[in-house]
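Spelled out from the first residue to the last, the chains are:
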Amino acid sequence: GKEIPGQASLVFDVVLLDLHNPKDGVAIENQLVPESCERRSQTGDFLRYHYNGTLLDGTLFDSSYSRNRTYDTYVGKGYVIAGMDEGLLGVCTGEKRRIIIPPHLGYGEEGRGKIPGSAVLVFDIHVVDFHNPSDSVSVTVHYKPSNCTVLSKKGDYLKYHYNASLLDGTLLDSTHSLGKTYNIVLGSGQVVLGMDMGLQDMCVGERRTVVIPPHLGYGEDGVEGEVPGSAVLVFDIELLELVSGLPEGYMFVWNGEVSPNLFEEIDQNHDGEVLLEEFSEYIQTQVDTGKGKLAPGFDFEKIVKNMFINQDRDGNGKVTAEEFKLKDQEAKEEHDEL
C-alpha cells in the first residue's frame, strides 16, 4: 500500500502481552495451602472467596478487595466462566492459589468490559470459606466431664460462654469480652437453628466447637455490620449451667398432688370468678413454696398471662369454675372427642 514502499526492510518493536494455545487447559499454581485441610471443595459447594484479576502482563481489571466483600458462588455449576469453575474445585478453606485461564475457557474472542478479546486471565484467589447446601451442623467435643448424666434437651434453660468466628478465624463476637454468659431456652427459637441443634445433648462443664452452615445460621443476608452473607459460623462453647425445662407444651407443672379444690383456692374472695391478679398471686405462691414450677428462662408475667388467657375461654377477663380446666383434663377431653 502507500505506507510501505517496495523492497523496504521493516522493523517491529514488539511487546508480548500474552500467548496461549487452543489446547491449553487451566493452570493452577498453589501459593498457600493450610496444613489442616479437612475438606476440599467439590461440585455443588458454595464458595466465598476474594480475588485479584489481572491480564498476563499484570494489568489489573477487577478485584473483590476493592469492593470490600467476597465473591460468592456455587462451583462446578456454570455460574462462573468455565476456567474459574474448574480452578475453584479442590480448594481448602484459607487456601491461596493462582488460576491462569486461557481465553477459550474465559471470555473468548469478544472479551468483556476491561478484558480485551482473546486475553489470558490470571486470578489470585483466597478462599474464605465454603459449604454445601446439604451440610448440617458439625459438632466437635473437646472436653466432657466424667460425670455427664444430665444432657441438655429442648425446653432446658442454658447459660453458656462462646467465642463466635468465621471459618477463616475472624472473630465476630465473644461473651467473655462482655463479662456475662449467654442465656437461652433451648429449642425456643431464641438463637439460630444451627445453634439450637449444636447445644443439644450437652452437659454442664462440656466444651465443644459447633460449625454452622449459613442455611442454618444467618443465611444469604447475614447481619449487617456483623455477619457477612452466606458465612459459615464457628462457635466455641462452654456450658456453665443447666436448669431442666418442663415437658413439651407445659409452662407450669405441680411438684406434688394437685388440690381437688384448686379453683376455690385460687378464688380467694369466693365470688366465683378469678381475675388475672388473683391467678398471678396464686401461681407466684406455689412457685415460692416449691409446690409448682414454671418453665425456666421465660418472663414470669408473660407466662402467667398466657396461662390465664388459656383459661379465660370467653375472653371477658374472668375465669369461672366452668371454664377452668387443668391441661391433663383438656388433653383427655380432646382424646375423647377423637
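Residues numbered from 1 in each chain as written. Predicted model: local features only at pLDDT ≥ 70, side-chain atom pairs only at ≥ 80, totals over all residues. Heavy atoms only, no water.

**Considerations on the UniProt feature "domain: PPIase FKBP-type" (unreviewed entry) in the protein**
To be explicit about the condition: UniProt positions are given in the numbering used here, feature names are shortened, and annotations may be inferred rather than shown by experiment. Counting from the N terminus, the helices are DSSP H or I runs at least four residues long and the strands are E runs at least two residues long.
Mapped onto the present numbering, the UniProt feature "domain: PPIase FKBP-type" (unreviewed entry) falls at residues 44–131 and 155–243. Secondary structure across residues 155–243 divides into 11% helix and 39% strand, with the first and last C-alpha atoms of the span separated by 9 Å.

**Observations regarding the pattern of salt bridges**
Selection criterion: For this analysis, a salt bridge means a side-chain nitrogen from Lys or Arg found within 4 Å of a carboxyl oxygen belonging to Asp or Glu. A 1.4 Å probe rolled over the protein chains alone gives each residue an accessible area, and that area as a share of the maximum for its type sets the label: buried under 20%, exposed over 50%, partly exposed in between.
Applying the stated criterion across every chain yields a total of 14 salt bridges. In this structure, Arg67 and Asp62 form a salt bridge, with 2.9 Å as the shortest nitrogen-oxygen distance. Between Glu206 and Lys144 there is a salt bridge, with the nearest N and O atoms lying 3.0 Å from each other. With Glu206 in the loop between helix H3 (193–198) and strand E11 (207–212) and Lys144 in the loop between strand E7 (138–143) and strand E8 (157–166), this residue pair connects regions lying 62 residues apart in the sequence. Glu206 gets classed as buried once you look at its relative accessible area, which sits at 0%. Overlapping salt bridges, with partners in common, bring together Arg39, Asp45 and Asp135 in one network.

**Points about helix H6 (residues 300–311)**
The cut-off we apply is this: Helix span is expected to be 1.5 Å times the residue number reduced by one. Working definition: the arc comes from the directions between the helix axis and the C-beta atoms, pointing outward to the latter. Within 3.5 Å is the distance limit for a polar contact, defined as a pair of N or O atoms, with the added protein rule that one can donate a hydrogen and the other accept it, and that residues adjacent in sequence qualify only through two side-chain atoms.
Taking 1.5 Å as the rise per residue, H6 with twelve residues should run 16 Å; its terminal C-alpha atoms sit 17 Å apart, in good agreement. Inspection of H6 places Ile303, Val304, Met307, Phe308 and Gln311 among the buried residues, and these make up the whole buried set. For H6, the buried positions fall inside an angular range of 130° around the axis, keeping them on one side. For H6, the exposed residues set more than 90 degrees away from the buried face come down to Glu301, Lys302 and Asn310. Capping of H6 at its N-terminal end is provided by Asp299; its side-chain oxygen lies 3.2 Å from the backbone amide nitrogen of Glu301.

**Notes on the side chain of Arg97**
Let me state the cut-off plainly: For this analysis, residues touch if any pair of their heavy atoms sits within 4.5 Å.
Its place among the elements puts Arg97 in strand E5 (residues 96–101). In terms of polar contacts, Arg97 uses its side chain to reach the backbone carbonyl oxygen of Leu89, at 3.3 Å. Not counting residues up to four positions away in its chain, the partners in contact with Arg97 are Ile28, Glu29, Asn30, Gln31, Gly87, Leu89, Gly90, Val91, Phe123, Asp124 and Ile125.

**Comments concerning the UniProt feature "domain: EF-hand" (unreviewed entry) in the protein**
Feature annotation in UniProt places "domain: EF-hand" (unreviewed entry) on residues 254–289 and 299–334, given in this structure's numbering. For the annotated span residues 254–289, helix accounts for 50% and strand for 8% of the residues, and the straight-line distance between the end C-alpha atoms is 11 Å.

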